[in-house]
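Per-entry structural report
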Amino acid sequence: MRQSSLFLPTLREVPSEAEIASHQLMLRAGFIRQLVSGVYSYLPLGYRVLRKVTQIVREEMDRSGAQEISMPAIQPAELWQETGRWEAYGPELMRLKDRHDRSFVLGPTHEEVVTSIARDGINSYKKLPVNLYQIQTKYRDEVRPRFGVIRSREFIMKDAYSFDTTREGLDRSYQAMYDAYTRIFTRCGMDFRAVDADAGAIGGKGTHEFMALSDIGEDTIAYCSSCNYAANLEKAEVVYQGQPSEEAAAETERIHTPGVKTIQQLAEFLAVPAENTVKSLLFKLDQQYVLALIRGDHELNDVKLKNMFDANVISMASEQEVKDILGSPVGFVGPIGLEGKKVTVVADHAVKDMVNAVTGAGEVDYHLKNVTPGKDFSVQQYGDLRNIKEGDPCPQCGEEIRFARGIEVGHVFKLGTRYSEKMKATFLDEQGKEKPMIMGCYGIGISRTVAAVVEQNHDENGIIWPRSIAPFEIHLIAVNVKNEDQLKLAESLYETLLAAGYEVLYDDRPERAGVKFKDADLVGLPLRITVGAKAAEGVVECKVRKTGESEELSTDQLLDYLKATLSKL
Ligand code: 9G3
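Residues numbered from 1 in each chain as written. Predicted model: local features only at pLDDT ≥ 70, side-chain atom pairs only at ≥ 80, totals over all residues. Heavy atoms only, no water.

**A few points about the overall build of the chain**
In terms of helices and strands, the chain carries 15 helices and 31 strands. Along the three orthogonal principal directions, the C-alpha set of the chain runs to about 95 × 65 × 50 Å. With 569 residues in all, the chain has 52% of them scored as buried. The long-range share in the chain, meaning contacts at least 24 apart out of those at least 6 apart in sequence, stands at 70%. Across the chain, the 69 positively charged side chains and the 84 negatively charged ones have centroids separated by 4 Å. (Helix = DSSP H or I, 4+ residues; strand = E, 2+ residues; numbered from the N terminus. Buried < 20%, exposed > 50% of the residue type's maximum accessible area, 1.4 Å probe, protein only. Contact = heavy atoms within 4.5 Å. Lys, Arg positive; Asp, Glu negative; His and termini not counted. Charge placed at Lys NZ, Arg CZ, Asp CG, Glu CD.)

**Some remarks on the sheet that holds strand 20 (residues 381-383)**
Reading across the sheet, the 5 strands line up as 16-14-15-17-20 and stay open at both edges, with mixed pairing between neighbours. Among the strands making up the open sheet, the edge pair consists of strand 16 (314-316) and strand 20. Within the sheet, the average angular offset between the axes of one strand and its neighbour, ignoring direction, is 35°. Here 3 bridges tie strand 14 (residues 278-285) to strand 16, and the two strands are oriented antiparallel to one another. Bridging from a neighbouring strand, Lys284 pairs with Ser315 of strand 16. Helix 9 (residues 319-326) rests against strand 14, strand 15 (288-295) and strand 16 of the sheet, and its axis sits at about 100° to strand 14. (Pairing = 2+ DSSP bridges. Axes fitted to C-alpha atoms, helices over the stretch in contact; angles between N-to-C directions.)

**Some points on the side chain of Asn301**
For Asn301, the position within the fold is in the loop between strand 15 and helix 8 (302-308). Only 2.9 Å separates the side chain of Asn301 from the backbone nitrogen of Val303, close enough to count as a polar contact. At 2.9 Å, the side chain of Asn301 forms a polar contact with the backbone nitrogen of Lys304. Excluding anything up to four places from it in sequence, Asn301 contacts Leu233, Glu234, Leu385, Arg386 and Asn387. (Polar contact = N/O pair within 3.5 Å; in protein donor to acceptor, adjacent residues only side chain to side chain.)

**Observations regarding the site of the ligand**
In the vicinity of the ligand lie 17 residues, with Arg85, Pro108, Thr109, Glu111 and Arg140 positioned nearest. If you list the elements that add at least two residues to the shell around the ligand, you get strand 8 (154-164) and strand 24 (438-445). Grouping the constituent residues of the shell around the ligand by class yields 10 nonpolar, 2 polar and 5 charged. (Near = heavy atom within 4 Å. Nonpolar A, V, L, I, M, F, W, Y, C, P; charged D, E, K, R; others polar.)

**Section: helix 12 (residues 446-456)**
With 10 of its 11 residues buried, helix 12 lies for the most part within the structure. Every buried residue of helix 12 is accounted for by Ile446, Ser447, Arg448, Thr449, Val450, Ala451, Ala452, Val453, Val454 and Glu455.

**Description of the nonpolar core**
Residues Phe31, Phe185 and Trp465 are the most contacted members of the largest nonpolar core, which totals 58 residues. Broken down by element, the residue count for this core peaks at 7 residues, all from helix 2 (residues 44-63). When residues of this core are assigned to domains, at least three map to each of domain 1 (21-237 + 402-455) and domain 3 (472-566). Trp465 has contacts with Phe31, Val49, Val450, Val454, Ala470, Pro471, Val523, Gly524, Leu525 and Pro526, leaving out every residue within four places of it along the chain. In terms of nonpolar packing, the next biggest core, distinct from the first, is built from 25 residues, Leu93, Ile122, Tyr419 and Phe427 among them. (Core = buried A, V, L, I, M, F, W, Y, C linked by side-chain atoms within 4.5 Å. Domains from an automatic or database assignment.)

**Considering the domain arrangement of the chain**
Domain parsing of the chain yields domain 1 (21-237 + 402-455), domain 2 (253-383) and domain 3 (472-566). Summarising the inter-unit geometry, the C-alpha centres of domain 1 and domain 3 are found 40 Å apart. Taken together, the contacts link 7 residues of domain 1 with 4 residues of domain 3. When the two sides are added together, the surface that domain 1 and domain 3 hide from each other amounts to roughly 560 Å², 67% of it contributed by carbon and sulfur. Inspection of the region where domain 1 meets domain 3 yields 1 salt bridge. (Buried area = accessible area lost by both parts, 1.4 Å probe. Salt bridge = Lys/Arg side-chain N within 4 Å of Asp/Glu carboxyl O.)

**Here's the deal with the packing of aromatic side chains**
In this structure the tally under the stated criterion is 9 aromatic pairs. Taken together, a centroid distance of 5.6 Å and an interplanar angle of 55° make the contact between Phe185 and Phe192 tilted. A relative accessible area of 0% means that Phe185 is categorised as buried. With centroids separated by 4.9 Å and ring planes inclined at 40°, the aromatic side chains of Tyr494 and Tyr506 adopt a geometry described as tilted. Of this pair, Tyr494 sits in helix 13 (residues 484-499) while Tyr506 sits in strand 28 (residues 504-507), and the two are 12 residues apart along the sequence. With a relative accessible area of 7%, Tyr494 lands in the buried category. One aromatic cluster is present, built from ring pairs that chain together Tyr178, Tyr181, Phe185, Phe192 and Phe210. Over the face of the ring belonging to Trp86 we find Arg95, whose NZ or CZ atom lies 4.5 Å from the ring centre. Looking at Arg254, its charged tip hangs above the ring of Tyr366, at a distance of 3.8 Å from the centre. (Phe/Tyr/Trp six-rings, centres within 6.5 Å; stacked < 30°, edge-to-face > 60°. Lys NZ or Arg CZ within 6 Å of the ring centre and 35° of its normal.)

**Looking at unusual backbone geometry**
Most peptide bonds take the trans form, and the phi angle of most residues other than glycine is negative. Of note, the bond from Leu128 into Pro129 is cis; its omega dihedral lies within 30 degrees of zero at 5°. As for its position among the elements, Pro129 is in the loop between helix 5 (111-121) and strand 7 (130-139). Despite not being glycine, Phe147 shows a phi value in the positive range, around 60°. Of the residues examined, Phe147 reaches a relative accessible area of 9% and is grouped as buried. Phi is positive for Asp310, which is not a glycine, with a value near 50°. Its place among the elements puts Asp310 in the loop between helix 8 and strand 16.

**Overview of the pattern of salt bridges**
Under the defined criterion, the tally for this structure stands at 35 salt bridges. Across the pair Asp141 and Arg153 runs a salt bridge, and its minimum N-O distance is 3.1 Å. Of this pair, Asp141 sits in the loop between strand 7 and strand 8 while Arg153 sits in the loop between strand 7 and strand 8; the two residues are 12 residues apart in sequence, bridging distant segments of the chain. Under the relative-accessibility criterion, Asp141 is labelled partly exposed at 27%. With a shortest N-O distance of 2.9 Å, Lys375 and Asp376 are connected by a salt bridge. Overall, the relative accessible area of 38% leaves Lys375 in the partly exposed class. Each of Glu19, Glu142, Arg146, Arg151 and Glu218 takes part in a single network of salt bridges with overlapping partners.

**Section: the sheet that holds strand 27 (residues 474-478)**
Within the open sheet, the 5 strands sit side by side as 28-27-29-30-31. Their pairing is mixed. At either end of the open sheet lies a strand with only one pairing partner, and these are strand 28 and strand 31 (550-554). On average, each strand axis in the sheet is inclined to that of its neighbour by 20°, with strand direction left out of account. Strand direction decides the pairing type here: strand 30 (residues 539-544) and strand 31, joined by 5 bridges, are antiparallel. In the strand pairing of strand 31, Val540 is matched with Leu553. The strands touched by helix 13 are strand 27, strand 28, strand 29 (527-531) and strand 30; relative to strand 28, the strand with the most contacts, the crossing angle is about 170°.

Now the structure itself:
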């Protein structure tokens, strides 16, 4: 491609709304442009990268035996009513009406559509297993789009759905997708981890998230310093090492603590460590109120709490609800004196061992000390309700847990029969018995993967594309197109490289050298060949964008050099 004819609107300055490197660089390098908040256009170079990632995904999905289809973005509301999701989702689900005033959704995902296709097209165990996938635009009206294409309202996803006759079949389909994802992200040059994750609203048992490691990642990963354990913080289970305290339980005392509301203030005011205090947090889980007790130095994990009650919706109670349900002001809530209140009290395992703890007294400016579970209050259920902490023992091997941040680029789920039952997608088994198909679903954020790779591969001058998904492999630069020798050599090299099958972006613009080199660093192609002062001697400079290492070569050494060098990038 000649750069003099390439539509590449680079920017000198950093757009103010771009907070992270990938967003800044993809805008500055002319790869994307925002149409409106959370909605992006992909310009020629950006689209070439998207196509490369899509091609890798397609190859590995086909290799796994999955079959590519295309499903509509416009989906009738009736399908979503069959699964109850029309009512379950809020403003994030984009809805529209057609000319006959019928309701539709703009597809954020395709479980309903693909299950209706399976229901109509499969009726016998002989036709299973099947894995159908598509690579298509999804629509989710994010409340706060941010980070460019990482959290946008329209994005490209590969979504696959497997249908099996047995759970063992699902396990095989799931493993095939897990392995395909490992190959895909490896080929994209990404540093990633597959982590145990929570199934969330989609339900089903067993799910992994594929996380691109990055400090700007919204997710926290708890991983083991020695074994292969890794889990989303939402899911990471805490190993309960019960160590009942030997301390004798003393009589509770009411203490005046004017204006002391937070655990920190309480610990300072009473000069007691945070682990001697109990946090009491009121939640609403579906229609019931739950008071969750947690040790003062721990963090409540609301996903674990939600799963303890298998609830669909969880929310922190408002100040008014705390007053109405517990008769206590916020900041002074405690587990004592709740008999007769319409609330269920649960607690994290660590609370069970506490003796003579400090809790809220249930009235303004008062706390209680020497509070002991069993003696002073009862707990309906203990469970793992806290976030794991760095340094906690790994649930798999006991070694230290560490934290990292990640960008979720893939997610694989074992759905079970959640959709097939609701939509009566059944098959007749060997005995002619009607059974619901057993499903799995598998997503990859294609556009998000591009941004995650940029997050992991850039420097202060610009992007550093791995060869596998770079928009072009080689940046050929004629330093001064007015110089006869340079232009002649550059033009002939361009033809030679194309004939050798390389993807070449040839900067033939009548621009100053400095501008050309800055743009080349910004766009970030893996290898740069500069035709400059030594053109007359047939000598060019080759520079590897990733390492900065460069060397001068005569043109007859060039093809061997490229073969050896590009295979490593
Ligand atoms: C919605 C809206 C947002 C959503 C969903 C539904 C996330 C929704 C989960 C999934 C599960 C899997 C197939 C590919 C892999 C992921 N956000 N999810 O179901 F209506 Cl507005 O999408 N789907």
